[in-house]
Amino acid sequence: MTVTLADIEAARDRFDDPAIVRQTPIETNRSLSEMSGGDVHLKMEHLQRTGSFKTRGAYNKLKQEAEAGSDKHVVAASAGNHAQGVALAATTVGLESTIVMPENAPQAKIDATRSYGATVELHGSNFGEAMSHAQAMAEEPGMLFVHAYDDPDIVAGQGTLGLEIYEQVPDVDTVIVPIGGGGLIGGISTALKSLDDSVRVIGVQAELASTVHESLRKGVPVDEESPKTIADGIATGSISELTLGLIEEYVDEVVTVSDDEIARAILTVLERAKQLVEGAGAASVAAMLSDQVDVEGETVVPLLCGGNIDMSMLQTVLTHALTDRNQLLHLRIRIHDQPGEMGKISGIIGEQGANIRTVRHDRAVGDLHVGDAYLVFQVVTSGENHAKTVMKSIEDAGYEVERVN
């Protein structure tokens, strides 16, 4: 199996309804350009109707099935974005669909998949277990399995993004693409390298869901049985022979980023580009801002491939990122346990212009003397210097203070 530029161009010709698949915009970003040293153009694929690129491949495959007269029941496995793409594509072309998702899939993605007309079955603790269950279902007569990436029609559909990027930014030097199973980067790199071999294509994976480096070293797909990352959209834990072959042929470099870097990138994109993306969608920006990728003086396109972030995950990411930036402090302050102490310390914090979110007493702590207690404040500051000022003011008032987050 392989994918060619002609396959990708044919896929784009099938995109006849912008309500299903549309050309997404590209926007320049001054802040990210200054931070990276390159001329940054964000490809806003998270603005696709389903919130990700996955509808491209699914619609390319299922439209051909419908045109050939198929009435098969579509089955797929997904952590969320492929699920929505397949559900919308199947419903659009008149086919029924069942999507198997891991039991820990974000509720927002489960609800969205059902809203597009699919039946959702929750099975297994990770994508691999969901995949095995879906493949077993697809062995029944009258069923059609739609793989998330190990399918030339799927890869060709995702590759239409490469055509768009090249047409929208014809002087592009580097494109940064997140990698889960490799279908997205396989299609994009095929398109870009076929149009202009000088364009550099960089893939990015989450550190604890990385499979490509070892697969390239061994020359065969290598699985990660328990991928762990906040970027659930690229937590497939595997690639295929098809996508590995395309990566070997067309991708210049593959890097990994930590969940901390991804969390910071989500917040950076939200603040500097006013766009809300999921972990997988922010991975390209995380790579661009890391020490591993040098885009100094280049025209660079990081792909924001998905925007379907669960609200509880967003809260977790924001809390982590704010803590990392010293904007959210947990301060433990030792006091004599007597009336008025909480009010005094609250006043000190307020005088410095910091906001108190929560406060509690800790009295059952082994190192405390009789009559002492700890007050634990959750405090919001404007950043590192402000945080230092708040803590110094408390210390200057005679209190022992320790940051515990």
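Everything quoted here is computed from the prediction, not taken from an experiment. (Residues numbered from 1 in each chain as written. Predicted model: local features only at pLDDT ≥ 70, side-chain atom pairs only at ≥ 80, totals over all residues. Heavy atoms only, no water.)

Trainee: It is not clear to me how the environment of Val222 should be interpreted in this structure. Could you clarify?
Mentor: Along the chain, Val222 turns up in the loop between helix H9 (212-218) and helix H10 (241-250). Val222 gets classed as buried once you look at its relative accessible area, which sits at 18%. Between the alpha carbons of Val222 and Asn355 there is a distance of 49 Å; along the sequence they are 133 residues apart. (Helix = DSSP H or I, 4+ residues; strand = E, 2+ residues; numbered from the N terminus. Buried < 20%, exposed > 50% of the residue type's maximum accessible area, 1.4 Å probe, protein only.)

Trainee: Help me understand the domain arrangement of the chain, please; the structure alone is not making it clear to me.
Mentor: Note: interface size is frequently given as the accessible area lost on complex formation between the parts. For the chain, the assigned domains are domain 1 (5-51 + 152-318), domain 2 (54-145) and domain 3 (326-403). When each unit is reduced to the centre of its C-alpha atoms, the spacing between domain 2 and domain 3 is 52 Å. (Domains from an automatic or database assignment.)

Trainee: Mind showing me how you'd approach the nonpolar core here?
Mentor: Taken as a class, soluble globular proteins show a tendency for nonpolar side chains to be buried jointly. Leu42, Val175, Ile176, Leu184, Ile262, Val285 and Met288 are the most contacted members of the largest nonpolar core, which has 58 residues in total. Of all the elements, helix H12 (residues 279-288) adds the most residues to this core, at seven residues. When neighbours within four sequence positions are excluded, Leu184 is seen to be in contact with Phe53, Gln158, Leu161, Val177, Pro178, Leu303 and Cys305. Core analysis: the next-biggest nonpolar cluster, separate from the first, contains 27 residues, Leu62, Ala105, Ile110 and Tyr116 among them. (Core = buried A, V, L, I, M, F, W, Y, C linked by side-chain atoms within 4.5 Å. Contact = heavy atoms within 4.5 Å.)

Trainee: It is not clear to me how the packing of helix H8 (residues 183-195) against H10 should be interpreted in this structure. Could you clarify?
Mentor: How two helices pack is summed up by the angle between their axes together with the distance between the axes. Interaxial distance between H8 and H10 falls to 9 Å at its minimum, and their mutual angle equals 40°. As summarised for this structure, H8 and H10 are arranged oblique, according to the angle between their axes. When the axes of H8 and H10 are compared, the crossing they make is left-handed. Of H10, the residues touching H8 (which contributes Gly183, Ile185, Gly186, Ser189, Thr190 and Lys193) are Thr243, Leu246, Ile247 and Tyr250. Looking at the contact of H8 with H10 residue by residue, the classes come out as four nonpolar, five polar and one charged. (Axes fitted to C-alpha atoms, helices over the stretch in contact; angles between N-to-C directions. Parallel < 35°, antiparallel > 145°, perpendicular 65-115°, else oblique. Left-handed = near helix turned anticlockwise from the far one by under 90°. Nonpolar A, V, L, I, M, F, W, Y, C, P; charged D, E, K, R; others polar.)

Trainee: Help me understand empty space enclosed by the protein in this model?
Mentor: Leftover empty space is mapped by rolling, across the atoms, a probe with the size of a water molecule. Counting across every chain of the model gives one cavity of 30 Å³ or more. Looking at the largest cavity, its volume works out to about 240 Å³. Contributing to the lining of the largest cavity are 26 residues, with Phe53, Lys54, Gly233, Ile234 and Thr236 lying nearest its centre. Elements with a minimum of two residues in the lining of the largest cavity: helix H4 (81-93) and H8. Of the residues that constitute the lining of the largest cavity, the class distribution is 12 nonpolar, 11 polar and three charged. (1 Å grid on protein atoms, 1.4 Å probe; cavity = no way out; pocket = protein on both sides within 12 Å on 5 of 7 lines; lining within 4 Å. Points joined across faces, edges and corners; volume = space filled by probe spheres on them.)

Trainee: In this structure, what is going on with the side chain of Thr50? I would like to understand it.
Mentor: For Thr50, the position within the fold is in the loop between strand E2 (39-43) and helix H3 (54-67). A residue is classified by how much of its surface remains accessible, and Thr50, at 2% relative accessible area, is buried. Separated by 3.4 Å, the side chain of Thr50 and the backbone oxygen of Ser52 make a polar contact. With near-sequence residues (within four places) excluded, Thr50 lies in contact with Thr55, Gln84, Leu88, Tyr116 and Asn308. (Polar contact = N/O pair within 3.5 Å; in protein donor to acceptor, adjacent residues only side chain to side chain.)

Trainee: I tried to follow the packing of aromatic side chains on my own but got confused; where do I start?
Mentor: Given two aromatic rings, one states the distance between the centres and the angle between the planes to describe the pair. Overall, the coordinates contain one aromatic pair when judged by the stated rule. Relative to Tyr59, the ring of Phe15 lies with its centre 6.3 Å away and its plane at 35°, an arrangement referred to as tilted. A residue pair is termed long-range when its members are at least 10 positions apart, and Phe15 in the loop between helix H1 (5-14) and strand E1 (26-28) and Tyr59 in helix H3 qualify at 44 residues. Pair check on accessibility: Phe15 and Tyr59 agree, each one buried. One cation-aromatic arrangement involves Arg332 over Tyr374; the distance from NZ or CZ to the ring centre is 4.1 Å. (Phe/Tyr/Trp six-rings, centres within 6.5 Å; stacked < 30°, edge-to-face > 60°. Lys NZ or Arg CZ within 6 Å of the ring centre and 35° of its normal.)

Trainee: What am I meant to see in the pattern of salt bridges here?
Mentor: Side chains bearing opposite charge may pair, as long as their charged atoms lie close to each other. Summed over all chains, the structure comprises 21 salt bridges. In this structure, Arg200 engages Glu298 in a salt bridge whose closest nitrogen and oxygen atoms are separated by 3.0 Å. Here Glu298 lies in the loop between H12 and strand E10 (299-302) and Arg200 lies in strand E8 (residues 200-206), a separation of 98 residues in the sequence. A salt bridge links Lys344 to Glu341; its shortest N-O distance comes to 3.5 Å. On the criterion of helical spacing, the pair formed by Lys344 and Glu341 is a turn pair, its members being three residues apart in helix H14 (residues 341-351). Through salt bridges with shared partners, a single ionic network connects Lys43, Glu45, Arg56 and Glu164. (Salt bridge = Lys/Arg side-chain N within 4 Å of Asp/Glu carboxyl O.)

Trainee: Looking at this structure, how should I read the sheet that holds strand E12 (residues 355-362)?
Mentor: Paired through backbone hydrogen bonds, the strands of a sheet run either parallel or antiparallel to each other. The four strands lie next to each other as E12-E13-E11-E14, forming an open sheet whose pairing is antiparallel. Single-partner strands in this sheet number two, and they are E12 and strand E14 (400-403). Adjacent strand axes in the sheet meet at a mean angle of 25° when their direction is disregarded. Note: strand E11 (residues 328-336) against E14, four bridges, orientation antiparallel. (Pairing = 2+ DSSP bridges.)

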